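Summary of structural features
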Amino acid sequence: MKKIYFLVLAFALFSSTMSAQLIINEVLFDPASDITGDANGDGTRSPNDDEFIELVNSGATALDISGYTIEDTYTATIIRHVVPANTVLLAGGVYLVFGGGTPTASGTGAASFGVSTVVVASSGGLGFSNSSEVIIVRDASGTAIATLDASTLSVSTGADASVTRSPDITGDFILHPTVNGVTFSPGLKIDGSSVLNIKEDVFAAFSMYPNPVINGELTIISASNGLKEVELFDTSGRSVLQTNLTSNVLNVEAVKSGIYFLKVSQDNNTSTSKVVIK
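Summarised in this report is the structure supplied together with it. In this text, all values refer to a predicted model and were calculated from it rather than measured experimentally.

It is worth spelling out the nonpolar core at this point. The biggest cluster of nonpolar side chains holds 27 residues, and the ones touching the most others in it are Leu22, Ile24, Val27, Ile53, Ile135 and Val137. Of all the secondary-structure elements, those providing two or more residues to this core are strand S1 (22-28), strand S2 (52-57), strand S7 (94-98), strand S9 (134-138), strand S10 (144-149) and strand S12 (172-175). With residues near it in sequence (within four places) discarded, Val137 still touches Leu22, Ile24, Leu55, Tyr68, Thr69, Ile70, Thr143, Ala144, Ile145 and Ala146. Grouped together as the second largest cluster of nonpolar side chains are 16 residues, Ile220, Leu232, Leu250 and Tyr260 included.

Written as structure tokens, this is what we have:
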């Protein structure tokens, strides 16, 4: 009986720790009334479609967020978005939800969403209020794992700009323009410089080339000659290639062109890095 209790408790603690990886990093409650409020970049400013919430997997391991929900409690508790099945965020992965429209990274309001998983709210809108809003993210079991209560913030959520953590992921919420005059940065760091929390092209224990991959082969070098466990994920977190390498060359000829994340494990070392395949 004690053993069963211990296993249940251990599983509960593990699940809680995994869910705690997911944080609310940036929210746009109140898009500006002119075209500068076009956060989703589709060329049209909309008070509903351009609202967004940015969630980040701040942990060191992948997180399955299938069935997670985003709800708000302004006048009543309403589920605004349900994460589809088979949605996995790699370590450092960003899940970006817009109220609606057609999110376009090269559009009017946004130069890039980085390598975020970008979706629109499954309910047809986020419906955020510009004040007294409480946003709750729940896991698939219904447990609240991230909350943002606008009434507790020291800044206004109705200032035609997003509220964002500064520094990203770990800091308190501030108004985005106080950093660099920019009103929002969905999928990017607060200064718009690069993808949130993603180590690009650098392995702690491995090196690789060429990146971008242009000839169907990626060379992965490590200090050890042992077996390498390799897995390639697309930006939605879906595994597209999994193999064990006894050499230094990974054949990716069968993989479609695009942006991927490559996870390499060998001995006690595991690293994940962004790879572009052309």
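Let us now look at the sheet that holds strand S17 (residues 249-251). Note on sheets: strands pair through backbone hydrogen bonds, and any given pair is parallel or antiparallel. Spatially, the 3 strands line up as an open sheet ordered S13-S14-S17, and their pairing is antiparallel. The open sheet has two edge strands, strand S13 (206-209) and S17, and neither has a second partner. Between one strand axis and the next, the sheet turns through 25° on average, direction left out of account.

Bringing the sheet that holds strand S18 (residues 258-266) into the picture now. Reading across the sheet, the 4 strands line up as S16-S15-S18-S19 and stay open at both edges, with antiparallel pairing between neighbours. The strands lining the two open edges of the sheet, one partner per strand, are strand S16 (239-245) and strand S19 (269-277). Sheet twist, expressed as the mean angle between neighbouring strand axes with direction ignored, is 20°. As judged from the 6 bridges shared by strand S15 (residues 228-234) and S16, these two strands associate in the antiparallel manner. Across the sheet, residue Val230 finds its bridge partner in S16, namely Thr243.

The next subject is unusual backbone geometry. Residues Ser166 and Pro167 are joined by a peptide bond in cis, for which omega reads 0°. Phi angles above zero are rare outside glycine, and Asp160 is one such case at about 60°. Backbone geometry places Ile169, a non-glycine residue, at a positive phi of 75°.

Let us look at the packing of aromatic side chains. By the definition in use, this model includes 4 aromatic pairs. Look at Phe29 and Phe128: their rings are 5.5 Å apart centre to centre, the planes differ by 50°, and that puts the pair in the tilted class. Remark: Phe128 occurs in the loop between strand S8 (117-120) and S9 and Phe29 occurs in the loop between S1 and S2; sequence separation between them is 99 residues. The residues Phe29 and Phe128 share a single accessibility class, namely buried. An angle of 90° between the planes, with centres 6.4 Å apart, marks the rings of Phe52 and Phe184 as edge-to-face. One end of the pair, Phe52, is in strand S2; the other, Phe184, is in the loop between helix H2 (177-180) and S13, and 132 residues separate them in sequence. Each member of the pair, Phe52 as well as Phe184, carries the same accessibility label: buried.

Inspection of the secondary structure assignment puts Thr104 in the loop between S7 and S8. On the accessibility criterion, Thr104 (29% relative accessible area) is partly exposed. Thr104 sits 63 residues away from Gly41 along the chain, and the two C-alpha atoms are 4.9 Å apart. Engagement of the side chain of Thr104 in a polar contact is seen with the backbone oxygen of Thr102, the distance being 2.8 Å.

The next thing to look at is the pairing of S1. By the criterion of burial, S1 is predominantly enclosed, with 7 of the 7 residues buried. In the sheet, S1 pairs with S2 via 6 bridges, with the strands oriented antiparallel. Bridging from a neighbouring strand, Glu26 pairs with Glu54 of S2. Relative to strand S11 (residues 163-166), S1 is paired through 2 bridges, and the arrangement is antiparallel. Bridge pairing links Val27 to Val163 in S11.

With that settled, the discussion passes to the pattern of salt bridges. Pairing between side chains of opposite charge can happen when their charged atoms approach one another. The tally for this structure, following the rule as stated, stands at 3 salt bridges. Put simply, Glu71 and Arg138 hold a salt bridge, and the shortest N to O gap is 3.0 Å. Of this pair, Glu71 sits in strand S4 (residues 69-72) while Arg138 sits in strand S9; the two residues are 67 residues apart in sequence, bridging distant segments of the chain. Exposure remark for Glu71: the relative accessible area of 5% places this residue in the buried category. Here Asp72 and Arg80 are joined by a salt bridge, their closest N and O atoms 2.6 Å apart.

Another aspect to go through is the side chain of Asn57. Secondary-structure assignment places Asn57 in strand S2. A distance of 2.7 Å separates polar atoms of two side chains, one belonging to Asn57 and the other to Gln21.

Reading the values: rules and limits
- Throughout, residues of each chain are indexed from 1 in the direction in which the sequence is written.
- Only residues with pLDDT of at least 70 get local features here, since the model is predicted, and only at 80 or more are side-chain atom pairs given and counted; chain-wide, interface and lining totals rely on the full set of residues.
- As a rule here, side-chain values cover all heavy atoms of the structure and leave hydrogens and water aside.
- Residue types Ala, Val, Leu, Ile, Met, Phe, Trp, Tyr and Cys, when buried and joined through side-chain atoms within 4.5 Å, form a set referred to as a nonpolar core.
- Each residue gets one of three labels from its accessible area relative to the maximum for its type: buried under 20%, exposed over 50%, partly exposed in between, using a 1.4 Å probe on protein chains only.
- Secondary structure elements are defined from DSSP: runs of H or I of at least 4 residues count as helices, runs of E of at least 2 residues count as strands, and each element is numbered from the N terminus.
- Contact definition: two residues touch when any of their heavy atoms are within 4.5 Å.
- At least two DSSP bridges between two strands are required for those strands to pair.
- Helix axes use the C-alpha atoms of the stretch in contact, all axes being lines fitted to C-alpha atoms, and the angles between their N-to-C directions lie in the range 0 to 180 degrees.
- Any two rings among Phe, Tyr and Trp, with Trp reduced to its six-membered ring, count as a pair given centres within 6.5 Å; such a pair is stacked if its planes are under 30 degrees apart, edge-to-face if over 60, and tilted if neither.
- Definition of a polar contact: a pair of N or O atoms within 3.5 Å, with one able to donate and the other able to accept a hydrogen when the atoms are protein atoms, and with sequence-neighbouring residues admitted only if both atoms are side-chain atoms.
- The salt bridge definition used is simple: a Lys or Arg side-chain nitrogen within 4 Å of an Asp or Glu carboxyl oxygen.

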